[in-house]
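Listed below are the residues making up each chain.
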Amino acid sequence: MTRQASSTHVSPFQALHTLPLNAVEITDGFWKNKQDINGTDSLSHGYAMLEDSGALDNLRIAAGALTGEHRGMRFQDSDVYKWLEAASYELVRADSASLRQQIDSVIDLIAAAQEADGYINSYYQIKFKPEDRFTHEDHDHELYCAGHLIEAAVAHHRATGSPRLLDIARRFVEHIDHVFGKGKREEAPGHQGIELALVELYRETGEPKYLALAEFFVDERGKNTMRGWVHFTPSYYQDRVPVRENDRVEGHAVRALYLTSGMADLYLETGEQALLDAMLRQWHDFTDRKMYITGGAGARHFDEAFGDPYELPDDSGYCETCAAIASIMWNWRLLQITGQARYADVIERTLYNGFLSGVSLDGRAFFYVNPLLVRDSHVREPWYQCACCPPNVMRLLASLSRYLLTVSEREVQIHQYATARFRGDVPGAGSVCLNMETNYPWDGSVTLTVTEAGSGDWRLRLRVPQWCTAAQVRLNGQSVEATFEGGYLILSGPRKAGDVIALDLPMTPRLTRAHPYVASARGSVALERGPLVYCLEAVDQDEAVSLLNVQLDPNAAFQAAHRADLLGGTVTLSGHGYALDLTPWQNQLYLPYDHSSNTARNPIELHFIPYHQWGNRGAGPMRVWIPVA
């Protein structure tokens, strides 16, 4: 167990080196709780759902061990592969004989279903003839499923050292390489995912043809030919222009961000500047004009897609959980390439809000869609017919420790804060061990203790989140001069075992407004504290109050309260507001505008909870953007 997924320590074009998965262990606190629930409840629930949904039976039918019809979506196999990837990461975090047995049984099933020529896709194996394979690439997800098989195989190999699943994946890739390429079938997959997976397989095996195949699929995109279902256009598939010419995120949000993640991986191996330039243009389009305050991505339900600039509706916003995960993946790669804190800031915003809202507190129910305004009810489901999000959540949580730290020459960078232990080699400084303790995200105090100091001078780079305006750092109880550069506080000099670095990131409630072009948020504010976006949930308000007619007093002093008894532990915020008197509007949808009249209002107290925790106490209304009184 010496490497981790998305490990790029052998990649030539990177500013920061990722670490082996077992070099960083989350040991307590907020994220340890989430990982424990994921490992004990979500993964077992997920396996049961793979059985109930027919995903495992589809493979049994393809293997000839069962008779019947294919059940579920044409990409049902990918649910199995994502679960396998998550389970493999979990073995590194908390090894389990029963989980190993489940993993081995699923790998046995995949091996039995694989054809002699390496092909495996239960949908096509059950429903179609061999000559029909790879004939509907705009829509049929064969290469998308292959990508998730590859990711699972790499994760399993890194976690266990066993080549069993890796050999299966490599046989399929050999088959794909025989079918696709210059002078062969020249087209790109309708749903991206195989591109980044092939680069990861290249890293794991050193086989150059896998990198070349990834580059081929990226190069093939942009011919303006993809259609799929009749109502989709090439933009939906990111096929409008060649990737190096694109200046916007567009179309299906998950596909778009899996593609940019694959482009980032290609850049890390090739250093092709045109790829990086295109990604940076798209990143600015995303973060400057198309990203929700929660980090959510995708405004439109119709095609799960990005909208126009500033098209960010709160009630009908899509914000698919998988798109939040894809954004984290992309920004993680951009962070490795550039070392710039802004990418870690987006990861933090997305991780604590748009991603974490996607899973219930008990780890057994999931949101596919994450709106910012719910008028009636919106509930998490145990599983979905299209179940891409639940196992995607599982694989991110199981591998979460990789996002905390990186290293470079004589330097350790800390990007995300959690109670954790780091032990690893720092280039030029030898073996270093740090213990990090914090009650983040509820509290901004972070303590780092050096237990193994390495040799000579080395730097510790601590990210100051974009929301923090008064960070302070102390060394062994004394104020210390630290350089602030690119969003990080930098402490230089020799360290010794027993050194204690205390970082304070004060968390005060703050009001945030949106660009005036965001019509759904005009005249409104959102409440934030630390990395958390807050919301109103009807269950916390007076029963006579409707969330649709509340106003917030922008001059109110918000009171933060630690509540161990609520939602498994939380910090609530309370402040002054108003409820509009709607008496004049009885049986009236429209009234004449009168400059001299103001709708009467009654003072109320408004009670906020973190957005990611809403929907865990039954169905009911919720709101993020609150009109200002």
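Placed above this text is the structure.
This text gives an overview of the structure that appears in the document. Predicted, not measured: the structure shown is a model, and the values here were computed from it.

Ranked by internal contacts, the top residues of the largest apolar core, which has 179 residues, are W31, W83, I176, F355, F422, L462 and F608. Beyond its immediate sequence surroundings of up to four residues, F608 is in contact with L527, Y534, C535, L536, L552, F558, T572, L573 and I626. If you look at the next biggest cluster of nonpolar residues, it comprises 22 residues, including A299, Y310, L372 and Y611.

This part takes up the packing of aromatic side chains. Applying the stated criterion to the full structure yields 29 aromatic pairs. Geometrically, the ring pair formed by F30 and W442 is edge-to-face, given 5.7 Å between the ring centres and 80° between the ring planes. In this pair, F30 sits in helix α1 (residues 29–52) while W442 sits in the loop between β6 (430–438) and β7 (445–453), placing the two residues 412 residues apart along the sequence. Classification of F30 by relative accessible area gives buried; the value is 11%. A centroid spacing of 5.8 Å and a plane angle of 70° characterise the contact between F286 and F306, whose relative ring orientation is edge-to-face. Residue F286 is located in helix α11 (residues 273–290), and its partner F306 is located in the loop between α11 and α12 (321–338); the two are separated by 20 residues in the primary sequence. Taken together, the aromatic side chains of F30, W31, Y352, Y417, Y440 and W442 make up a single cluster linked through ring pairs. Seen from the ring of Y119, R133 lies directly overhead, with NZ or CZ sitting 4.1 Å from the centre. Taking NZ or CZ as reference, R461 lies 5.7 Å from the ring centre of Y488, over its face.

This part takes up the pattern of salt bridges. Evaluated as defined, the whole model comprises 48 salt bridges. Across the salt bridge formed by E311 and R300, the nearest N and O atoms sit 2.8 Å from each other. Placement of E311 in the loop between α11 and α12 and of R300 in the loop between α11 and α12 is noted, with a sequence separation of 11 residues between them. Look at R300 and you get partly exposed, because its relative accessible area is 29%. A cluster of three or more residues bridged by salt bridges with shared partners is formed by R158, E200, R203, E204, D265, E269 and R333.

This part covers the packing of helix α3 (residues 77–93) against helix α6 (residues 142–160). Relative orientation of the contacting elements α3 and α6 amounts to 15°, with a least axis distance of 8 Å. Viewed along their axes, α3 and α6 adopt a mutual orientation that is roughly parallel. By crossing handedness, the relation of α3 to α6 is classed as left-handed. Residues D77, S78, Y81, K82, L84, E85, S88, Y89, L91 and V92 of α3 form the contact with α6, whose own contacting residues are Y144, C145, H148, L149, E151, A152, A155, H156, A159 and T160. Here the contact of α3 with α6 is composed, by residue class, of 11 nonpolar, 5 polar and 4 charged.

Before going further, it helps to spend a moment on the packing of helix α10 (residues 253–270) against α12. Any two packed helices are characterised by the angle at which their axes cross and by the distance between the axes. It is the contact of α10 with α12, at a shortest axis distance of 8 Å, that shows an interaxial angle of 20°. As summarised for this structure, α10 and α12 are arranged roughly parallel, according to the angle between their axes. Remark: the crossing between α10 and α12 carries left-handed chirality. Residues A253, V254, L257, Y258, T260, S261, A264, D265, Y267 and L268 of α10 touch α12, and the partners they reach there are C322, A323, A326, S327, M329, W330, R333, Q336 and I337.

To continue, consider the environment of L21. Following the sequence through the fold, L21 ends up in the segment before β1 (24–26). Distance in space between the C-alpha atoms of L21 and Y89 is 8.3 Å, their sequence separation being 68 residues.

Calculation criteria
- Residues numbered from 1 in each chain as written.
- Predicted model: local features only at pLDDT ≥ 70, side-chain atom pairs only at ≥ 80, totals over all residues.
- Heavy atoms only, no water.
- Core = buried A, V, L, I, M, F, W, Y, C linked by side-chain atoms within 4.5 Å.
- Buried < 20%, exposed > 50% of the residue type's maximum accessible area, 1.4 Å probe, protein only.
- Contact = heavy atoms within 4.5 Å.
- Phe/Tyr/Trp six-rings, centres within 6.5 Å; stacked < 30°, edge-to-face > 60°.
- Helix = DSSP H or I, 4+ residues; strand = E, 2+ residues; numbered from the N terminus.
- Lys NZ or Arg CZ within 6 Å of the ring centre and 35° of its normal.
- Salt bridge = Lys/Arg side-chain N within 4 Å of Asp/Glu carboxyl O.
- Axes fitted to C-alpha atoms, helices over the stretch in contact; angles between N-to-C directions.
- Parallel < 35°, antiparallel > 145°, perpendicular 65-115°, else oblique.
- Left-handed = near helix turned anticlockwise from the far one by under 90°.
- Nonpolar A, V, L, I, M, F, W, Y, C, P; charged D, E, K, R; others polar.

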